[in-house]
Amino acid sequence: MPGDRTFVIAGAGLAGAKAAESLRAEGFTGPVALIGTEPEIPYERPPLSKGLLLGTAQREDAYVHDLDWYAGHDVQLRTGTTVSAIDAEKHRVRLSDGDDLGYDKLLLATGASPRTLGVPGAGLGNVFSLRTLADSDRIAAAVNGATHLVVVGSGWIGLEVAAAARTRGATVTVVTPAELPLRSVLGDRLAKVFLGLHREHGVDFRFGARVQELRGGPDVAQVVLTDGTTINADVVLVAIGVTPNTGLADQARLPVDNGVLVDRQLRTADPDIFAAGDVANVDHPLLRTRLRVEHWDTALHSGPVAARAMLGQDAEWDRLPYFFTDQYDLGMEYAGWVPPGTQTQVVIRGDEPGREFIAFWTVEGRVAAGMNVNVWDVTEQIQELVRAGLRGRTVDPVRLADPDIALTEVFA
């Protein structure tokens, strides 16, 4: 394999690190530069809201590889450095330290940034978002049994941090404009499973609520809602979603719309520039729509697909969306995709009140997504049901709900 080409990866998170690993695994011997803004070596993000906050994982557990791996595989890792501009015509990138690099292929793995709370007092001390190892360290240091934590937002990150904080003995209030946590993803019935779980562990929810102001000084002391309600707070976590980091793509005049637009091979409109991970909005060949997925599994697997495509191989991104969560004694995996606004029928297989079941979302008799809660080793079977549904195969809802019938035997 030609070794005279240079590959540059902008973004040293999981997607970027796995792309570098795959380039070497596929036999590429040319220069590989992995450029990351953070001072840390590449790491995975799930432990930030789970094991690291709970104290059940060590910092090293989050690393994709140890430091020696990069030198041992001749990957030029430059941490604390940002790719600040692309000259696509000259095939060069400028770095924040003033250096520049030439490239034959460039991968954008720039990830996403947390949305901020645009209210007075948002800059007070002990007001956090959670995206980096440093964020996780700060939150872990601030939250203990005497802490009153207010979580703004009721998505996955907010609820995972709420669970970790309650496990550590903190008082937790969740403030959200939604009517139920996770409602936009799970719908009312399954959202109530998570609501019940958190209420059993003492979490207070304020639904239909928005933050008007944070008060205190120098650290936050109160959260003021738009209806005038005041909540005491020692720590505030802002968990209201993320925005893809498309600045480089914008500067390079690449098409951008809720992420960097890429084809099924993760290639942008420029044939020598690719994108992977949170920042990539993919023309998905199975789902027949554009989709940007902000979960660990996407970063883990899209980096390698981009690497193989950069090498000229016939690689394409056709994985189904997948994510997981761990909250208290509930573990969950979700696979598939339900288009927004789609009318679905929910089929439950197992013990919903006991939180040991599989939920399926079906559309006109076809399985669109499935979620296993405290039931394990079924993800591949769920994904096959979803793939079969995409091929037009329907299931019998009675057989689908019967735990005594194998999932391979539920088709109509």
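Refer to the structure above for everything that follows.
Residues numbered from 1 in each chain as written. Predicted model: local features only at pLDDT ≥ 70, side-chain atom pairs only at ≥ 80, totals over all residues. Heavy atoms only, no water.

A.B. asks: Explain the side chain of Arg355 here, please?
C.D. replies: Within the secondary structure, Arg355 is located in the loop between β24 (345–351) and β25 (356–363). Setting aside its immediate chain neighbours within four residues, Arg355 contacts Val193, Gly196, Leu197, Glu200, Leu330, Val373 and Asn374. (Helix = DSSP H or I, 4+ residues; strand = E, 2+ residues; numbered from the N terminus. Contact = heavy atoms within 4.5 Å.)

A.B. asks: For this particular structure, what's the right way to read the sheet that holds strand β12 (residues 204–206)?
C.D. replies: In a beta sheet, neighbouring strands pair by backbone hydrogen bonds and run either parallel or antiparallel. Overall, parallel pairing links the five strands, which are arranged β9-β16-β10-β11-β12 in an open sheet. Looking at strand neighbours, the two that pair on one side only are β9 (127–128) and β12, the edges of this open sheet. Relative to β12, strand β11 (residues 171–175) runs parallel, the two being bridged by three bridges. Looking across to β12, one finds that Val175 is bridged to Arg206. (Pairing = 2+ DSSP bridges.)

A.B. asks: Help me understand empty space enclosed by the protein, please; the structure alone is not making it clear to me.
C.D. replies: Empty space among the atoms can be located by rolling a probe the size of a water molecule over them. Summed over the entire model, instances satisfying the criterion amount to two cavities of 30 Å³ or more. Space inside the largest cavity adds up to approximately 80 Å³. Looking at the largest cavity, the residues that line it are Gly277, Ala280, Val282, His284, Leu291, Arg292, Val293, Thr298, Trp317, Arg319, Leu320 and Pro321. Broken down by element, the residue count for the lining of the largest cavity peaks at three residues, all from strand β20 (residues 280–284). (1 Å grid on protein atoms, 1.4 Å probe; cavity = no way out; pocket = protein on both sides within 12 Å on 5 of 7 lines; lining within 4 Å. Points joined across faces, edges and corners; volume = space filled by probe spheres on them.)

A.B. asks: Help me understand the pattern of salt bridges, please; the structure alone is not making it clear to me.
C.D. replies: As a working rule, side chains carrying opposite charge can pair if their charged atoms are close by. In the structure shown here, the tally under the stated rule is 23 salt bridges. A salt bridge links Arg45 to Glu38; the nearest nitrogen and oxygen atoms lie 3.8 Å apart. Classification of Glu38 as partly exposed rests on a relative accessible area of 22%. Ionic pairing is found between Arg138 and Asp135, a salt bridge with its closest N-O pair at 2.7 Å. Linking Arg138 with Asp135, this pair stays in helix α5 (residues 133–142), spanning three residues, or about one helical turn. (Salt bridge = Lys/Arg side-chain N within 4 Å of Asp/Glu carboxyl O. Buried < 20%, exposed > 50% of the residue type's maximum accessible area, 1.4 Å probe, protein only.)

A.B. asks: Is there a simple way to explain helix α1 (residues 14–25) in this structure?
C.D. replies: Because the α-helix completes a turn every 3.6 residues, residues three or four places apart line up on one side. Spanning 12 residues, α1 covers 16 Å between terminal C-alpha atoms, matching the ideal 16 Å at 1.5 Å per step. Most of α1 sits out of view: 10 of its 12 residues are buried. In the stretch just after α1, Gly27 is the one whose phi turns positive, near 95°. (Expected span 1.5 Å × (residues − 1).)

A.B. asks: Where do I start with the packing of aromatic side chains in this structure?
C.D. replies: When we look at a pair of aromatic rings, we describe it by the centre distance and by the angle of the planes. Counted according to the given criterion, the structure contains eight aromatic pairs. Pairing Phe205 with Phe207 gives two aromatic rings, centres 5.2 Å apart and planes at 5°, and the pair type is stacked. On the basis of relative accessible area, Phe205 is assigned to the buried category, the value being 7%. Its relative accessible area of 26% is what places Phe207 among the partly exposed residues. (Phe/Tyr/Trp six-rings, centres within 6.5 Å; stacked < 30°, edge-to-face > 60°.)

A.B. asks: Just checking my understanding: could you explain the layout of surface pockets for this structure?
C.D. replies: Within this model, the second largest pocket holds a volume of roughly 200 Å³. For the lining of the second largest pocket, the secondary-structure elements that each account for two or more residues are β26 (366–373) and α10 (379–390). For the lining of the second largest pocket, the per-class residue count stands at nine nonpolar, one polar and two charged. (Nonpolar A, V, L, I, M, F, W, Y, C, P; charged D, E, K, R; others polar.)

A.B. asks: Please explain unusual backbone geometry as it appears in this structure.
C.D. replies: Backbone phi values are negative for most residues with the exception of glycine, while trans is the configuration of most peptide bonds. Here the bond from Gly217 into Pro218 is cis, since omega is 0°, no more than 30 degrees from zero. With respect to the helices, strands and loops of the structure, Pro218 is situated in the loop between β13 (211–216) and β14 (220–225). Positive phi, close to 65°, is recorded for Asn126, a residue that is not glycine. Its place among the elements puts Asn126 in the loop between β8 (112–114) and β9. Under the relative-accessibility criterion, Asn126 is labelled partly exposed at 25%. The backbone of Asn374 sits at a positive phi, close to 55°, despite the residue not being glycine.

A.B. asks: Looking at this structure, how should I read the environment of Val64?
C.D. replies: Inspection of the secondary structure puts Val64 in the loop between α3 (51–54) and α4 (67–72). Sequence separation between Val64 and Leu14 is 50 residues; the distance between their C-alpha atoms is 6.8 Å. With sequence-adjacent residues up to four places away left out, Val64 is seen in contact with Leu14, Ala17, Lys18, Pro42, Tyr43, Glu44 and Tyr70.

Function cannot be read off these values alone, since they describe shape.
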